[in-house]
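Take a look at the letters that make up each chain.
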Amino acid sequence: MTTRRLALFPPLLLLLSPLLVVEARPLLVFFIDALRYDYVDDLKSLPGFRQLLESGVKVDYMTPVFPSLSIPNFYSLMTGRYPDVHQMTGNYMWDEKSGKKFLLGTNPESALPLWWEGSEPLWVTLQKMGKRASMYNMPGCQVMIFGVRVWYCKPFVPNISATRLIQITEEALDDLGSGKADLAAVYYENLDKVGHYFGADTYPMKAAVQRLDAAMVALNSKLKEKNLVDKLNIMMFSDHGMTNLKSDRIIELDKLIVMSDIEKMVGRGPVVSVWPKGGKFESLRASLSRIKNMNTYTKQEIPARFHYKGGRFVSPLTLVAEPGWYIAENTAVVQAYLIHLSEDLQFGWHGYDNEHVDMRAFFFASGPDFGGLLDCSSELYKQILECYCHLLPH
């Protein structure tokens, strides 16, 4: 196993990629929600990952895009673009012009091309090339993008079990092994749910990682059984990490500002989007700027390194909490989601400044075409997209 670091971007200091592919092979991609960069460090207790990494390459960490949320990072990994280009700037978004909402891809309006056509994702590019992609449990795979639908989509089901992950992974292997698909992608959410409810560094999270490893043990077994060990490549990404919060670190906006001055508020936690009512922009901005443990940005003030402020759905005011703090209208809103929340219990969250250590993500690649190392100086997600395309049949 080779281990290197995917440092902050730009520039990208290192990407693991083959220099030459003599025979193009199918590619299996896993998107593991909230698999923090250090959750797989103890390989002695994780036989599934250990075996995969014996013939693969791994980075110390991968820095997510801002905000360190699932949808923006998933789409960056599939388009090679930052959020201010591909336009997926949050898990929850509002289009002021049409009044339509994007709610983590779960509501009917989330399937509108409006949200998805900021950039072309890899599976659409493949379809245009006459290749086939199969998507398992992937948010948005049912959406027609630029007039193209993916060859096969098993729609997203929240928080599937590790047992179900094993089942759909075998289905993906069958697609690749039979030649029906050139790319198969699988999404797994469970670690994210466990982290939100129980915290980032807890026994439930360790147990969740063990369940994921059991799925990797099954993957290794199926690769041998189907004679695919040397016939396909595997890449695994996470979208972000997770950090711990305490219930006494909730910034309750309704105690600090006049909520009726807000026309629309979208999101909760580390990043909140605010549209002030007419004539209330300056007074609301001043009130929000006085609140401790968070930053209030106008569009123009958002740091350029976030690659965020040019997004179509970015609000006039963006609130960004300091790591370890949570922004909400009030505690009741948080308790409605985390029903077990009390003063002595911690929970976990993500979405903070993407340079925060606990937001760091995970990346490894395994397979016959991952023997080389490539030093790079270009943008992270663009280079990852190039890596996909280099590996896939064309």
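Structural data are supplied above this passage.
Some points on the packing of helix α1 (residues 47–54) against helix α8 (residues 203–225)
Contact geometry of α1 with α8 gives a least axis separation of 6 Å together with a crossing angle of 50°. As the angle between them shows, α1 and α8 are arranged oblique. Each of Pro47, Gly48, Phe49, Gln51 and Leu52 in α1 lies in contact with α8, whose residues at this interface are Leu212, Asp213, Met216, Val217, Leu219, Asn220 and Lys224. When grouped by side-chain class, the residues that make up the contact of α1 with α8 number seven nonpolar, three polar and two charged.

Concerning the sheet that holds strand β15 (residues 294–298)
Taken in spatial order, the four strands line up as β13-β14-β16-β15 in an open sheet, and their pairing is antiparallel. Two strands in the sheet have a free side with no partner beyond their single neighbour: β13 (262–266) and β15. Here the average twist between neighbouring strands, direction ignored, is 20°. Relative to strand β16 (residues 317–321), β15 runs antiparallel, the two sharing five bridges. Residue pairing for β16: tyrosine 297 is matched across the bridge by threonine 318.

Quick notes on the nonpolar core
Counting 42 residues, the largest nonpolar core has Leu28, Phe49 and Leu191 as its most contacted members. Going through the elements one at a time, β3 (27–32), α1, α6 (162–177), β9 (183–188), α7 (190–198), α8 and β10 (233–237) are the ones with two or more residues in this core. The element best represented in this core is α8, accounting for eight residues. In terms of nonpolar packing, the next biggest core, distinct from the first, is built from 38 residues, Ile71, Met78, Met138 and Ile145 among them.

Let's talk about α1
Of the positions making up α1, those classed as buried are Gly48, Phe49, Leu52 and Leu53. Buried residues of α1, seen end-on, are gathered within an arc of 120° and therefore sit on one face of the element. The inward-facing, buried residues of α1 contact β4 (56–62), α8, β10 and β19 (363–366).

Concerning the pattern of salt bridges
On inspection of all chains with the given rule, the structure shows 17 salt bridges. Measuring nitrogen to oxygen at the nearest pair gives 2.8 Å for the salt bridge that ties lysine 226 to aspartate 174. Of this pair, lysine 226 sits in the loop between α8 and β10 while aspartate 174 sits in helix α6, and the two are 52 residues apart along the sequence. Residue lysine 226 is classed as partly exposed on the basis of its relative accessible area of 24%. Across the salt bridge formed by lysine 222 and glutamate 225, the nearest N and O atoms sit 3.4 Å from each other. Here lysine 222 and its partner glutamate 225 are both found in helix α8, three residues apart, which amounts to about one turn of the helix. With relative accessibility at 54%, the residue glutamate 225 sits in the exposed group.

Rules of the game
- Along every chain, residues carry numbers that run from 1 in the direction the sequence is written.
- At least 70 in pLDDT is required for a residue's local features to be given in this predicted model, at least 80 for side-chain atom pairs to be given and counted, and no such filter applies to totals for whole chains, interfaces and linings, which use all residues.
- Remark: hydrogens and water are excluded; side-chain values derive from all non-hydrogen atoms of the structure.
- A fitted line through C-alpha atoms serves as each axis, taken over the contacting stretch for helices, and the angle formed by two N-to-C directions is quoted from 0 to 180°.
- Only DSSP runs of H or I with at least four residues qualify as helices, and only runs of E with at least two residues qualify as strands; both kinds are numbered from the N terminus onward.
- In what follows, roughly perpendicular refers to angles from 65 to 115 degrees, roughly parallel to angles under 35, roughly antiparallel to angles over 145, and oblique to any angle outside these ranges.
- For this analysis, residues touch if any pair of their heavy atoms sits within 4.5 Å.
- Basically, the charged four are Asp, Glu, Lys and Arg, the nonpolar ten are Ala, Val, Leu, Ile, Met, Phe, Trp, Tyr, Cys and Pro, and anything else, Gly included, counts as polar.
- When DSSP finds two or more bridges between a pair of strands, those strands are recorded as paired.
- To qualify as a nonpolar core, a set must consist of buried Ala, Val, Leu, Ile, Met, Phe, Trp, Tyr and Cys residues joined through side-chain atoms within 4.5 Å.
- Each residue is assigned to one of three classes by its accessible area relative to the maximum for its type, calculated with a 1.4 Å probe on protein chains only: buried under 20%, partly exposed between the two thresholds, exposed over 50%.
- Think of the arc as the fan of directions from the helix axis to the C-beta atoms.
- Put simply, a salt bridge is a Lys or Arg side-chain nitrogen that is within 4 Å of an Asp or Glu carboxyl oxygen.

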